[in-house]
Amino acid sequence: MERVSLRQALSVLSKSSPFSVSTVKERQTDFFDELKGSLYVTQAIETDFEKLLASASRGDIIFLCGSSGDGKSEILTRHYDKSGSRYRFHLDATHSFSPRQSAIEALNQLFDERIEDNKPLVIGINIGMLANFAKEGAERHSEIRAEIESFLSQEEPGPSRYSFLDFENYPKFSFSEQQAASSEFTKALLNQLTRQDESNPFYCIALGEEATAENHKLLANFKMLAVPEVQDVLITNLFKLRLKKDQFITTRALLDLLHHLLLEDGYLWDNLFSGGDDELLQRLAELDPANLRTQQLDQLVLRYELGLPDPELDSFIEQIREKHIALPRIDVKQGDAGSLIRLLYLIKDAEFANGYHKRFQSEFNDVPMEAYASMWQVHKSHTAGNQETFTELRQFYAKELIAAVYRYANRKAPELGKKELFLGQYGQVKLAAPVEVKGNYNKIAEQQEDKCHHFHAHFKVMNTNLKPVQISLGLFELIRKINRGYRPNRYDKSVVVLLDEMVDQITEIAKQTQTLKFYEGSKQFVATDDDGMITAEEIAR
């Protein structure tokens, strides 16, 4: 075949590519199939799937569950090609066998035929369709529907002919032992795409284009993506979206993102934060480091855009030209500094050019995420009698979490005393109840934290246990900001609702107290219920 350019080769990453969704092939494979195959990374869920296949027998059903784009069809197609004759495969449960047949009817038919078949049944299905069949499937398949209901309700599975593998239980992102963002899958995918050896067809194509001096920006992007520290920054940003925005990042979304980073008009660091049509790109734009405001970065913007002398910056810009990166140093326009800041951010931990970027490394420290990672680990590792984690938890609950709850609950009555909760206002009188909120450290020790996109905070009020509250990175950041004087607004709605639920729980318990306090201007009164006799007195200030 004719020579394939790097741009053409990288087209296999795009969702618009005919290679984006795997199907059973009836055509001759070509070079683009080989390119796509060279990117394949075996995931932990596939390893477990292979074990289930090996032990499956007649009457067994294996459900491979996930969201659109997770990679169900890729796994199923690969194993259909290897051993399709030994199993009955239904690659996509949203499909039917005829135009007039619904997906539910197709599943009913599939389960009917299974009774006559001597092969195990393997189904690729998304969670929504699974729930639909549990509700709408034929009554004759009530046993299967009951098993699906049990799986969806997350009950402990017993011995059964039905197995469920869910991509949600195989998270792509986690914290490393050093509490840094980690993703073995993403790291392996990036390595498959950019590793610099002759067994990588993408690298060989890029090497050939470098000799002809074509596509300088694309080559610069491809080389930049090969830098391990740059890959780590990308992974950190994706993980941050998972933690803060509950953003699901499927295999399909990752491939689309890589296509965007490499092939859009800008440099990789600008493409990462430029926004776009899909939700992932739009949310990445919210993390743009060019929006940071620190003294060091503001001074850099002024020096760069006003053309002020900076010999080390001059040397840096000159040296990166050798890497096909062209940043202006004269005739710099307003806004050009944003691209420079994004570049400095992306390479902040790498050895690059003359090291000019290292002087700004601390400006990009993500203190909230580091603190969240630390507290997630403390909640995960806390056990009864562990004095070290107990001390850390007490400090966090007293100084951060519970302090923020009081400040938020009493935002309309800042004059309230310590450990008092605002209940409401009647005319000029504000009503409060004395209530003490404590961390429930025994419950924390019992909690099994298995998902890193949140940890469970446990409290008790007057010896009453509250329902646990899921603390995401977004809520964690809000708690820190409230303690520093921030007032939540409508943009915080998605996390404020969790604070509201907690305050409502505390308020219901506080209403049962036998003591109430009244604030009227500069006067304070306390009312006490003593065996049905209510006494009230003014408190001297």
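Reading the values: rules and limits
- Residues numbered from 1 in each chain as written.
- Predicted model: local features only at pLDDT ≥ 70, side-chain atom pairs only at ≥ 80, totals over all residues.
- Heavy atoms only, no water.
- Helix = DSSP H or I, 4+ residues; strand = E, 2+ residues; numbered from the N terminus.
- Buried < 20%, exposed > 50% of the residue type's maximum accessible area, 1.4 Å probe, protein only.
- Contact = heavy atoms within 4.5 Å.
- Areas by Shrake-Rupley, 256 points an atom, 1.4 Å probe, with all protein chains shown as cover.
- Lys, Arg positive; Asp, Glu negative; His and termini not counted.
- Charge placed at Lys NZ, Arg CZ, Asp CG, Glu CD.
- Pairing = 2+ DSSP bridges.
- Axes fitted to C-alpha atoms, helices over the stretch in contact; angles between N-to-C directions.
- Parallel < 35°, antiparallel > 145°, perpendicular 65-115°, else oblique.
- Left-handed = near helix turned anticlockwise from the far one by under 90°.
- Nonpolar A, V, L, I, M, F, W, Y, C, P; charged D, E, K, R; others polar.
- Phe/Tyr/Trp six-rings, centres within 6.5 Å; stacked < 30°, edge-to-face > 60°.
- pLDDT = per-residue confidence, 0-100.
- 1 Å grid on protein atoms, 1.4 Å probe; cavity = no way out; pocket = protein on both sides within 12 Å on 5 of 7 lines; lining within 4 Å.
- Points joined across faces, edges and corners; volume = space filled by probe spheres on them.
- Core = buried A, V, L, I, M, F, W, Y, C linked by side-chain atoms within 4.5 Å.

1. Examining the overall build of the protein
The number of helices and strands found in the protein is 22 helices and 16 strands. Across its three principal directions, the C-alpha atoms of the protein cover 95 × 80 × 45 Å. Per-residue burial over the protein gives 48% buried out of 541 residues. Contacts in the protein between residues at least 24 apart in sequence constitute 64% of all its contacts with a sequence separation of at least 6. Of the accessible surface of the protein, which amounts to about 27,900 Å², a share of 47% is contributed by carbon and sulfur atoms. Here the protein carries 65 positive and 81 negative side-chain charges, and the mean point of each set is 3 Å from the other.

2. What about the pairing of strand E14 (residues 515-520)?
Note: strand E8 (residues 429-434) against E14, four bridges, orientation antiparallel. The residue of E14 that forms the bridge with Val429 is Glu520. Relative to strand E15 (residues 523-530), E14 runs antiparallel, the two sharing six bridges. Across the sheet, Thr515 pairs through a bridge with Thr528, a residue of E15. In this antiparallel pair of consecutive strands, E14 and E15, the connection spans two residues, and Gly521 shows a positive phi of 60 degrees.

3. Observations concerning the packing of helix H15 (residues 295-305) against helix H17 (residues 336-346)
Interhelical geometry of H15 versus H17 gives an angle of 130 degrees and a closest axis separation of 9 Å. Taken together, H15 and H17 sit at an angle that is classed as oblique. The element H15 and its partner H17 pack so that their crossing is right-handed. Along its contact with H15, which presents Leu300, Val301, Tyr304 and Glu305, the element H17 presents Asp336, Ala337, Leu340, Ile341 and Leu344. A class-by-class count of the residues in the contact of H15 with H17 yields seven nonpolar, no polar and two charged.

4. Side note on the environment of Leu258
Inspection of the secondary structure assignment puts Leu258 in helix H12 (residues 251-263). On a C-alpha basis, the gap between Leu258 and Thr47 in space is 25 Å, while along the polypeptide they are 211 residues apart.

5. A word on the sheet that holds strand E4 (residues 162-166)
Strand order in the open sheet made by the four strands is E2-E3-E1-E4, with parallel pairing throughout. If you trace the sheet from one side to the other, it starts and ends with strand E2 (88-90) and E4, each paired once. Going from strand to strand, the sheet's axes swing by 15 degrees on average, the running direction of each strand aside. In the sheet, strand E1 (residues 61-66) pairs with E4 via five bridges, with the strands oriented parallel. Bridging across to E4, Cys65 finds its partner in Asp166. Those strands touched by helix H4 (residues 72-83) are E1, E2 and strand E3 (121-126), and its axis lies near 165 degrees from that of E3. The strands that helix H5 (residues 103-116) touches are E1, E2, E3 and E4; relative to E3, the one it contacts most, it runs at about 165 degrees.

6. Let's talk about the packing of aromatic side chains
Think of a pair of aromatic rings as described by two things: how far the centres are apart, and how the planes are tilted against each other in angle. Inspection of the entire model under this criterion finds 24 aromatic pairs. Considering the side-chain rings of Phe175 and Tyr372, the 6.2 Å spacing of their centres and the 50 degrees angle between planes classify their relative orientation as tilted. Of this pair, Phe175 sits in strand E5 (residues 174-175) while Tyr372 sits in helix H18 (residues 367-381); the two residues are 197 residues apart in sequence, bridging distant segments of the chain. Tyr372 shares its class with Phe175; the two are buried. Taking 5.7 Å as the distance between ring centres and 80 degrees as the angle between the ring planes, the aromatic pair formed by Tyr372 and Phe476 counts as edge-to-face. On the criterion of sequence distance, the pair formed by Tyr372 in helix H18 and Phe476 in helix H21 (residues 473-482) is long-range, its members being 104 residues apart. Assigned by exposure class, Tyr372 and Phe476 land together as buried.

7. With respect to the confidence of the model for the protein
Overall, the prediction assigns the protein a mean pLDDT of 91, with 96% of residues at 70 or greater. Mean pLDDT values for the elements of the protein range from 79 in strand E16 (residues 533-539) up to 98 in helix H13 (residues 268-272).

8. Overview of the pairing of E1
With six of six residues buried, E1 lies mostly within the body of the structure. The alternating pattern of E1 places Ile61, Phe63 and Cys65 on one face and Ile62, Leu64 and Gly66 on the opposite face, and all of these are buried. Of the strand pairs in this sheet, E1 and E3 are connected by six bridges, and their pairing is parallel. Bridging across to E3, Phe63 finds its partner in Ile123.

9. Looking at empty space enclosed by the protein
By rolling a water-sized probe across the atoms, one finds the places where empty space is left. A full pass over the atoms with the stated rule returns one cavity of 30 Å³ or more. The computed volume of the largest cavity comes to approximately 30 Å³. In this structure, the largest cavity is lined by Leu401, Val469, Ile471, Leu475, Leu498, Leu499 and Met502. Mapped by element, the contributors of at least two residues to the lining of the largest cavity are strand E13 (469-471) and helix H22 (493-510). Sort the elements by how many residues they give to the lining of the largest cavity and H22 lands first, with three residues.

10. Let's talk about the nonpolar core
Soluble globular proteins: nonpolar side chains tend toward being buried together. Core analysis: the largest hydrophobic core is formed by 120 residues, its most contacted members being Leu193, Leu262, Phe316, Tyr397 and Phe459. Here the element with the most residues in this core is helix H19 (residues 387-409); it accounts for 10 residues. Beyond its immediate chain neighbours, meaning those up to four positions away, Phe316 contacts Leu340, Leu343, Leu344, Ile347, Phe352, Ala353, Asn354, Tyr356 and His357. By size, the runner-up hydrophobic cluster in this structure holds 21 residues, among which are Leu121, Ile144, Phe151 and Tyr162.

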